[in-house]
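Architecture at a glance
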Amino acid sequence: MREKVEEFEANKKASIKLDDNATVKIIDADNDDIFEINELVMIGAEKALNVRPSMKAEIIKEIESVIQFSDALAEKNKKYHEDYVVRGNHALYVVLAEIYALALKIESSTARDHILKEMRSKLKDRQIKTQFNTPTMTVLIKYVVGSDRQTAANYSRVLNIAMSENLTPKELPDYISRRGGIGQIHALEGESAAKKLGSKQSKDRIRVITDMLQLLGVSSDNSFKYNLEIKQLNADKQNGAETGRFATFLTVFDESSRTYKIVNGFDLGQTYEDSLVRLLMKDATNNVDALKKNLRNFKEHLISTKKVNQGWINRFHSEFEKEEKSKEEVSSEGVTA
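Residues numbered from 1 in each chain as written. Predicted model: local features only at pLDDT ≥ 70, side-chain atom pairs only at ≥ 80, totals over all residues. Heavy atoms only, no water.

Details of the overall build of the chain
Secondary structure summary: the chain contains 11 helices and three strands in total. When the elements of the chain are put in sequence order from the N terminus, they spell out α-α-α-α-α-α-α-α-β-β-β-α-α-α. With 337 residues in all, the chain has 23% of them scored as buried. Carbon and sulfur atoms provide 52% of the accessible area of the chain, an area that totals close to 25,800 Å². (Helix = DSSP H or I, 4+ residues; strand = E, 2+ residues; numbered from the N terminus. Buried < 20%, exposed > 50% of the residue type's maximum accessible area, 1.4 Å probe, protein only. Areas by Shrake-Rupley, 256 points an atom, 1.4 Å probe, with all protein chains shown as cover.)

A look at the sheet that holds strand β1 (residues 231-232)
Strand order in the open sheet formed by three strands is β1-β3-β2, and the pairing between neighbours is mixed. Only two strands of the sheet have a single neighbouring strand rather than two, namely β1 and β2 (248-254). Bridging between β2 and strand β3 (residues 259-267) involves seven bridges; their strand directions are antiparallel. Within β3, the residue paired with threonine 248 across the bridge is phenylalanine 266. (Pairing = 2+ DSSP bridges.)

Side note on the packing of helix α4 (residues 112-125) against helix α5 (residues 136-145)
Relative orientation of the contacting elements α4 and α5 amounts to 40°, with a least axis distance of 10 Å. Here α5 runs oblique to α4, going by the angle between their axes. Remark: the crossing between α4 and α5 carries left-handed chirality. Here Arg112, Leu116, Met119, Lys122 and Leu123 of α4 come into contact with α5, specifically with Thr136, Val139, Leu140, Lys142 and Tyr143. Of the residues in the contact of α4 with α5, the class split is six nonpolar, one polar and three charged. (Axes fitted to C-alpha atoms, helices over the stretch in contact; angles between N-to-C directions. Parallel < 35°, antiparallel > 145°, perpendicular 65-115°, else oblique. Left-handed = near helix turned anticlockwise from the far one by under 90°. Contact = heavy atoms within 4.5 Å. Nonpolar A, V, L, I, M, F, W, Y, C, P; charged D, E, K, R; others polar.)

Thoughts on the side chain of threonine 136
By the element assignment, threonine 136 lies in helix α5. Taking relative accessible area as the criterion, threonine 136 reaches 5% and is therefore assigned buried. A polar contact of 2.5 Å, which involves the side chain of threonine 136, links it to the side chain of glutamate 107. Setting aside chain neighbours within four positions, we find threonine 136 in contact with Ala103, Ile106, Glu107, Arg112 and Leu116. (Polar contact = N/O pair within 3.5 Å; in protein donor to acceptor, adjacent residues only side chain to side chain.)

Re the layout of surface pockets
What the second largest pocket holds in volume is close to 450 Å³. Every residue lining the second largest pocket is counted, 14 residues in all, and those nearest its centre are Gly217, Phe246, Ala247, Thr248 and Phe249. Elements with a minimum of two residues in the lining of the second largest pocket: α8 (182-218), β2 and α9 (269-280). Ranked by residues supplied to the lining of the second largest pocket, first place goes to α9 with four residues. (1 Å grid on protein atoms, 1.4 Å probe; cavity = no way out; pocket = protein on both sides within 12 Å on 5 of 7 lines; lining within 4 Å. Points joined across faces, edges and corners; volume = space filled by probe spheres on them.)

Below you can see the structure in the form of structure tokens.
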């Protein structure tokens, strides 16, 4: 057996018995170190049923070839990432740090207004718009990146965050890397802003709905007297900010008398009260502007019908005056800008 193996290795020849309709592929021995991706997988699904135990060596060779090629691709990808992505990103962060440093320097310069005037003039020549009150950082970023508005917006967001966190230019590259890059900072800050906005809108919604419920209560024709003590919940936290507007009653319906009987009355405090209002009014619109408009209309209805006392009517008029004054101030600011 050893002699046959040695003869095969020396002559590079062998006799192989093939089944009918078999296909033979001849590979030049001089080029057997060159392989193509298409040649890596020789035993596919169509030939799987014809695999013989004697083909084990071919399978092993195939596996080794695939792994070798995959390792080469992995190494190439690693090198690309290190040479172009990591180093490229770091180079960009250094540029941002230099923009940041120059913006801080301009801002503290006695010639700041003259510098910005010259930059705005040059930007105007390039068809890039700025205003007199455009922040120094924004003017400089536009001057550096040109008309690419998305890039300017991304850079501006990152550098404004750096300024708000009181970073030095030297600290900036590591800070950006630590937070996952410019895109990640932009995304996280966007999410944070959305959450803050959502939280504010949620609080505004509850406040407007609570105002409406309170006015529905004071203008209601239905009332009853309750002479027992109202149980105060969350008493240790009750203060000016925590004081609720409603008394909440727990009742049961008595079938025999067809009346509701009171179990107890509760002062929930604002925190629990807001939670209850949020639950009870979950189907009300989330459009705060629409809710405010409905509330305004209801107040005007109460004034015209005099369904509330004069104290409430005076309060409504005072609120309307403040709203109109606020609108005028916003409109005036818009004209000035």
